[in-house]
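# Tertiary structure, described
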Amino acid sequence: MNTIADGLGVLLDPTVGVCLLLGLAIGTLVGAFPGITGTMAVALASGFTLTLEPEQGLAVLLTIYVGANFGDRIPSILVNTPGTPASIATTLDGYPLAKQGRAGLALVLSALVTTGGILVSMVVFLFAARPIAQLALEFGPAEMFALVIFGLTVMVSVSSKSLLKGLLSGVAGLVIGTVGRDPITGDERFVFGMDDLSSGLPFIAVIIGLFGIAELFDQLLTHRTSTARPVSSLGRSRPTRAEVRQLGRPFAVSSAVGTVVGALPAAGGDIAGLIGWDRAKRMSKRPEKFGKGSLEGLAAADTASSATLGGSLTTTMALGIPGDSVMAVMLGSMVIWGLQPGPSLFTDSPDLVITIAAIMIIATVLSLAISLVRTKGMVRLLDLPHHYLWTGVLLFCLVGTYATTNDIYTVWVMLVAGVVGVVMKRTGFPAGPMVLGLLLGPLAESNLRRALLIDGPSTLVTQPVSAILLGLAVLGLVTPLIARARSARRARSRATEADQSPADSR
C-alpha cells in the first residue's frame, strides 16, 4: 500500500503536473502534423528532460507518447495522410467516412476507442509486468544474453522488408556499441586516441540523429507542394447507441491484438493497426463495407494501434527490451537518469512503476478530453506551411542535443547520425535494429562473457530457458525466409497456370 501511495504521491508535485500538460500539448500537435513521428518528438524532448528529475522527465516523454497517438488520427481522417506510422490503418476507413460528411463522428469515435485501447493495455501492464519481471529475475547471464538476442532478432525480422538489411542494421548497432570501454576489464576499445569516445557514443545524440535529423533531411529532399486540403465539413459528432453497439466486437478483438503485438520488440502500432483491421473484417457481418467508410474498421484499426502502448511498456519495463522505437528512446533516457528498466526495476523502484502507469492513464484521459473539444482548431493547423515546422525541428535538434552534454562534439555525432539515417532510409535499412543493438549490445556482451567465464559455451544450450530463447531467435529469422519462399513458389505456380490456360483453350 505504501508503494502505491508513494507512486501516486509524486503526481501531487506541481512541477510534474506542468510537465504532464506540456508533454500532452506537444504530443497532440506532433501527431497532427504528418511526417513528425512520436519517436522523433520523444527523441527531441529527451535532450531537454535529462536535467529534470526522473518523474518529471517521464511525465513529459510518456505524455508525448500518448498525445501523439491521439493527434495522429486527425490528418489520417481529414487529409488521408497518417500523422504517424501508427495511424496508417486509420486512413482505410477514416478518410472515406470524412468524404461521406461524417468526419466529426469518425474523430469522436476514434478518440473513444483509442482511449479504451490504451486503458485496456494498461490494465494488462499493471497485472502482467510484475510476474514477468519476477520470472526474469531468475535469469542468469546465459538467459539474459539469449533474451537480448531474441529481442534483437524479432526487431530485425519485422522492421524491414529485407531480412538481410534488418540483420545488417542490427549488427552495425552491436558493433557501434563496442566503442568505449570493455564492460569486464574497463580497457579502451576503438577510441582511436579520441577521449570523447572513451565512454562510448552518446546514444541520445545518435537517436536524435537517426530519428529526428534523418527524417527532417529526408522530407527536405522529397518535399512536394501538396494540393490536398483537409475536409472542413465535420458533420455530426455524437454517435448513436446503435453505432456504439456495433463497435463492441472489433474493440474486443483489436484490444487483444494490439496488446500482444505491442509486447513484441519493434512490432508497433502500424503493424497492430493493420492486423486488427484485417481480423475485424474477417469477423464482421458487413465485411464489404471495410475500406469504404466502416465504423467497425475505424474502431478496429485505432483500438489495435493504441493498445500497443501498454504491451510495449510491459516488455520495456519488465524485461528491459524496448517494445518499439519510442520505448528505445525512453530506455536510453532512463539509463542516463540512473534507472535500469528490467526485472530489477520492480524490486528497486516499485513506486516508479506505479508512477509510470498513473502518468499513462492520466495522459490518456486528458487526451480524450482534448480530442473532444479541439477538433476545429486542429483542422486549421493542418494548413501551417512545412518550412516553419522544419525550422523549429532543426533548432530543437541542435539545442536539445547540445544540452545533453554541453559539448559541440555531441552535436557533430547527431549530424553524422542524421546523414547515416538518411542514407539508411533511402536504401531500405531500418534504424530500429541499429538503435536496439547500440542500447542492448553492451548488456548482451557483458552477459555472454560472464556466462562463458562461469560455465563455458555449453551453458548457452544446456540451460533450458537460454536454449528456448535462442531457438526462438533462430526461428524468428528463418520463418520469414520460409514464408517468402512459399509466396514466391505460389506466385510462380499461378504464373505457370496462367500461361498454360491460353494454350489449353487453343
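Along each chain, numbering runs from 1 in the same order as the chain's sequence is written. Local features in this predicted model are restricted to residues of pLDDT 70 or higher, and side-chain atom pairs are both shown and tallied only at a pLDDT of 80 or more, whereas totals for entire chains, interfaces and linings draw on every residue. Only hydrogens and water are set aside when side-chain values are computed; all heavy atoms of the structure are taken into account.

In this section: the overall build of the chain. On a plain count of helices and strands, the chain comes out with 23 helices and two strands. Buried positions account for 53% of the 506 residues belonging to the chain. Residues count as neighbours in contact if any of their non-hydrogen atoms are within 4.5 Å of one another. Contacts in the chain between residues at least 24 apart in sequence constitute 80% of all its contacts with a sequence separation of at least 6. Here the chain has roughly 22300 Å² of accessible surface; of this, 65% comes from carbon and sulfur atoms. Secondary structure elements follow DSSP: runs of H or I of four or more residues count as helices, runs of E of two or more count as strands, with numbering from the N terminus. Burial classes: relative accessible area under 20% of the type maximum marks a residue as buried, over 50% as exposed, and values in between as partly exposed (1.4 Å probe, protein chains only). For every accessible area listed, the method is Shrake-Rupley and the probe measures 1.4 Å; residues are considered covered only by the protein chains on display.

In this section: empty space enclosed by the protein. Here a cavity means grid points, on a 1 Å grid over the protein atoms only, where a 1.4 Å probe fits yet cannot get out; a pocket means an open set of points with protein on both sides within 12 Å along at least five of seven lines; lining residues are those with an atom within 4 Å of a point. Grid points are joined across faces, edges and corners, and a volume is the space filled by probe spheres set on the points. The final tally for this structure, using the stated rule, is one cavity of 30 Å³ or more. If you add up the space inside the largest cavity, you get close to 60 Å³. Every residue lining the largest cavity is counted, 10 residues in all, and those nearest its centre are F70, R73, L107, S110 and A111. For the lining of the largest cavity, the leading source of residues is helix α7 (residues 103-136), giving four residues. Just so you know the grouping, Ala, Val, Leu, Ile, Met, Phe, Trp, Tyr, Cys and Pro go in nonpolar, Asp, Glu, Lys and Arg go in charged, and all remaining residues, Gly too, go in polar. In terms of residue class, the lining of the largest cavity is built from four nonpolar, four polar and two charged.

Bringing the pattern of salt bridges into the picture now. Throughout this description, the term salt bridge denotes a Lys or Arg side-chain nitrogen within 4 Å of a carboxyl oxygen of Asp or Glu. Taken as a whole and judged by the stated rule, the model has eight salt bridges. Here D278 ties to R282 by a salt bridge, and the two come within 2.9 Å at their closest N and O atoms. Taken together, the residues D278 and R282, both in helix α13 (residues 269-283) and four residues apart, mark about one turn of the helix. Across the pair E445 and R449 runs a salt bridge, and its minimum N-O distance is 3.4 Å.

Turning our eyes to something else, we now look at the packing of helix α4 (residues 54-71) against helix α17 (residues 350-373). Orientation of α4 relative to α17, taken along the N-to-C sense of each, is 40 degrees, at an axis distance of 9 Å. When the axis of α4 is compared with that of α17, the two are oblique. Crossing of α4 against α17: the hand is right-handed. The segment α4 lies against α17, with E55, L58, A59, L62, T63, Y65, V66, G67 and F70 engaging L352, T355, I356, I359, M360, A363, T364, S367, L368 and S371. Looking at the contact of α4 with α17 residue by residue, the class counts come to 12 nonpolar, six polar and one charged. Whenever a helix is involved, its axis is fitted only over the stretch in contact; in every case the axis is a line through C-alpha atoms, and angles between N-to-C directions fall within 0 to 180 degrees. Angular relationships are summarised with four words: roughly parallel below 35 degrees, roughly antiparallel beyond 145, roughly perpendicular across 65 to 115, and oblique for the angles in between. Left-handed describes a crossing in which the near helix is turned anticlockwise from the far one by less than a right angle; the clockwise case is right-handed.

Despite not being glycine, F190 shows a phi value in the positive range, around 55 degrees. Relative to the elements of secondary structure, F190 occurs in the loop between β2 (188-189) and α10 (203-222).

Attention now moves to a positive patch on the surface. Together, R486, R489, R490, R492 and R494 give the surface a local cluster of positive charge. Take R486: it is sitting in helix α23 (residues 464-505). Patch members must show over 30% relative accessible area and no salt bridge, and they are joined within 9 Å when carrying like charges or within 5 Å when they are nonpolar side chains of Val, Leu, Ile, Met, Phe, Trp or Tyr. Neither His nor the chain ends is counted toward charge; the positive residues are Lys and Arg and the negative residues Asp and Glu. Each charge is placed at NZ for Lys, CZ for Arg, CG for Asp and CD for Glu.

Let us now look at the environment of I4. Tracing the backbone through its elements, the reader meets I4 in helix α1 (residues 2-9). Its relative accessible area of 39% is what places I4 among the partly exposed residues. On a C-alpha basis, the gap between I4 and L352 in space is 9.3 Å, while along the polypeptide they are 348 residues apart.

Let's shift gears to the environment of Q246. Among the structural elements, Q246 can be located in the loop between α11 (241-245) and α12 (248-263). Sequence-wise, Q246 and S284 are 38 residues apart; in three dimensions their C-alpha atoms are separated by 9.6 Å.

What follows covers α12. Since the α-helix advances by 3.6 residues per turn, residues separated by three or four positions end up pointing in the same direction. Helix span, expected: 1.5 Å multiplied by one less than the number of residues in the helix. Compared with an ideal rise of 1.5 Å per residue, which puts 16 residues at 22 Å, α12 spans 23 Å between its outermost C-alpha atoms and is within 8% of the ideal. Buried within α12 are the following residues: P250, V253, S254, S255, V257, G258, T259, V261 and G262. Buried residues along α12 sit in contact with α7, α13 and α14 (295-319).

A few words now on the packing of aromatic side chains. Two rings from Phe, Tyr or Trp (for Trp, the six-membered ring) form a pair when their centres sit within 6.5 Å of each other. Planes less than 30 degrees apart are called stacked, planes more than 60 degrees apart edge-to-face, and all others tilted. For the coordinates displayed, the defined rule picks out one aromatic pair. Aromatic pair W277 and F290: ring centres 5.7 Å apart, planes at 65 degrees, arrangement edge-to-face. Remark: F290 occurs in the loop between α13 and α14 and W277 occurs in helix α13; sequence separation between them is 13 residues. For F290, a relative accessible area of 6% translates into the label buried. The side chain of K165 reaches across the aromatic face of F429, ending 5.6 Å from its centre. The rule is short: NZ of Lys or CZ of Arg within 6 Å of the ring centre and within 35 degrees of the ring normal puts a charge over the ring.

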